[in-house]
Amino acid sequence: MKLYSVSDGPPSLACRQALKALKIDYELIDVDFGKGEHMTKEYEELNPQKEIPVLVDDDLTMGESNAILQYLGDKYDTAGKLYPKDPKSRAIVNHRLCFNLALYYRNISEYVMAPIFFDYQRTPLGLKKMKMGLDIFETYLKRDNSTYAAGNDLTIADFPLVTATMCLEAIDFKLGPWPRVEKWYNNFKTKYPDLWEIAAGGMREISHFEKNPPDLSHMDHPIHPVRK
Ligand SMILES: N[C@@H](CCC(=O)N[C@@H](CS)C(=O)NCC(=O)O)C(=O)O
């Protein structure tokens with residue numbers, strides 16, 4: 001099994017956490033975002049979306065970190081601990097994965113990440129949307145009185161939500177107004193230091209780039225405006 005991964009990419013880091021939690025042997029292939037390695041013809045064959053991560057397992061090649069997490073859970077978590085088999089528990093895990101992809105990380109990515117790498121500004125609307133995501137996550141944790149993202153046990157849903165939240169810490173954005181989110185995030189760090197360390201490596205890089213924005217002026221990006 002191979003994972004094409006970018007060292008500071010939350011979706012990649014979430015997949016690495018799942019691979020580690022499930023004790024899966026795999027080859028980690030580092031994709032250099034700054035060099036545009038994900039925009040080559042060869043990479044496009046692996047992932048027409050030109051996004052990182054990509055998982056290759058024999059004849060299966062696919063991107064989209066949620067699908068990767070679900071596949072790893074289905075194939076390797078035979079006991080159904082990280083990816084429960086009970087339909088209702090599983091539905092909550094799937095819900096949190098969708099929530100992260102469609103709203104929580106999406107808004108964090110637009111507010112925190114895009115302006116670091118590309119020529120975007122952090123706007124009051126972007127901040128409002130990001131805080132809305134935090135408010136909603138706070139509500140889920142409070143409503144279910146849960147220690148983890150999808151109940152009282154660690155699941156694959158915690159990984160992308162932790163790596164998304166890590167982006168906030170990277171820019172020193174405080175979680176104080178969202179005490180349940182803060183508690184859940186700190187609890188993950190304490191209980192799973194090995195898994196946290198995977199996210200922490202990415203956080204250190206993002207934190208560095210926040211203070212020293214990378215020079216991507218050589219990049220001919222099809223969508224994002226590059227800082228010149
Ligand atoms: N929905 C995708 C998103 C992956 C994603 O956004 N990856 C970023 C790196 S963190 C990327 O490859 N961006 C390509 C680009 O901006 O050119 C997933 O969850 O796997």
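Residues numbered from 1 in each chain as written. Predicted model: local features only at pLDDT ≥ 70, side-chain atom pairs only at ≥ 80, totals over all residues. Heavy atoms only, no water.

A. Quick look at the site of the ligand. Close to the ligand lie 13 residues; His38, Ile52, Glu64, Ser65 and His221 are nearest. Contact distances for the ligand include 2.8 Å between an oxygen atom and a backbone N or O atom of Ile52. Residue His221 places a side-chain N or O atom 2.6 Å away from an oxygen atom belonging to the ligand. For the ligand, whose unbound accessible area comes to 510 Å², protein coverage reaches 83%. In this structure, the ligand is accommodated by the largest pocket. (Near = heavy atom within 4 Å. Polar contact = N/O pair within 3.5 Å; in protein donor to acceptor, adjacent residues only side chain to side chain. Areas by Shrake-Rupley, 256 points an atom, 1.4 Å probe, with all protein chains shown as cover. 1 Å grid on protein atoms, 1.4 Å probe; cavity = no way out; pocket = protein on both sides within 12 Å on 5 of 7 lines; lining within 4 Å. Sits in = over half its atoms within 2 Å of the grid points.)

B. Quick peek at the pattern of salt bridges. What the rule picks out here adds up to 11 salt bridges. Notably, a salt bridge pairs Lys75 with Asp57, separated by 2.9 Å at the nearest N-O pair. Taken as a pair, Lys75 in helix H3 (residues 65–76) and Asp57 in strand E3 (residues 54–57) lie far apart in primary sequence, 18 residues in all. Residue Lys75 is classed as partly exposed on the basis of its relative accessible area, which comes to 39%. (Salt bridge = Lys/Arg side-chain N within 4 Å of Asp/Glu carboxyl O. Helix = DSSP H or I, 4+ residues; strand = E, 2+ residues; numbered from the N terminus. Buried < 20%, exposed > 50% of the residue type's maximum accessible area, 1.4 Å probe, protein only.)

C. Examining the confidence of the model for the protein more closely. Scored by pLDDT, the protein comes out at a mean of 97, with 100% of its residues at no less than 70. Across the protein, the secondary-structure element scoring lowest on mean pLDDT is helix H2 (residues 41–46), at 97, and the one scoring highest is helix H6 (residues 158–170), at 99. (pLDDT = per-residue confidence, 0-100.)

D. Looking closely at the packing of helix H4 (residues 87–117) against H6. Relative orientation of the contacting elements H4 and H6 amounts to 15°, with a least axis distance of 10 Å. Judged by the angle between their axes, H4 and H6 are roughly parallel. As H4 runs across H6, the sense of the crossing is left-handed. The segment H4 lies against H6, with Arg96, Leu97, Phe99, Asn100, Tyr104, Tyr105, Ile108, Val112 and Met113 engaging Pro160, Leu161, Ala164, Thr165, Cys167 and Leu168. Looking at side-chain class alone, the contact of H4 with H6 contains 12 nonpolar, two polar and one charged residues. (Axes fitted to C-alpha atoms, helices over the stretch in contact; angles between N-to-C directions. Parallel < 35°, antiparallel > 145°, perpendicular 65-115°, else oblique. Left-handed = near helix turned anticlockwise from the far one by under 90°. Contact = heavy atoms within 4.5 Å. Nonpolar A, V, L, I, M, F, W, Y, C, P; charged D, E, K, R; others polar.)

E. View of unusual backbone geometry. With omega at 15°, the peptide bond leading from Ile52 into Pro53 counts as cis. Within the secondary structure, Pro53 sits in the loop between H2 and E3. The phi dihedral of Asp58 falls on the positive side, at around 50°, and the residue is not glycine. Relative to the assigned elements, Asp58 resides in the loop between E3 and strand E4 (60–62). At Asp172, a position not held by glycine, the phi torsion is positive, near 65°. Along the polypeptide, Asp172 turns up in the loop between H6 and helix H7 (179–191).

F. Region of the structure containing the pairing of E3. Of the two faces of E3, the one holding Val54 and Val56 and the one holding Leu55 and Asp57 are both buried throughout. The sheet contact formed by strand E1 (residues 2–5) and E3 spans three bridges and is antiparallel. The residue of E3 that forms the bridge with Lys2 is Val56. In this structure, the hairpin formed by E3 and E4 is closed by a connection of two residues, where Asp58 is found at a positive phi of approximately 50°. (Pairing = 2+ DSSP bridges.)

G. Broad picture of the side chain of Asn47. For Asn47, the position within the fold is in the loop between H2 and E3. On the basis of relative accessible area, Asn47 is assigned to the buried category, the value being 3%. From its side chain, Asn47 meets the backbone nitrogen of Gln49 in a polar contact 2.9 Å long. Not counting the four nearest positions on each side in its chain, Asn47 is found in contact with Pro53, Val54 and Gly63.

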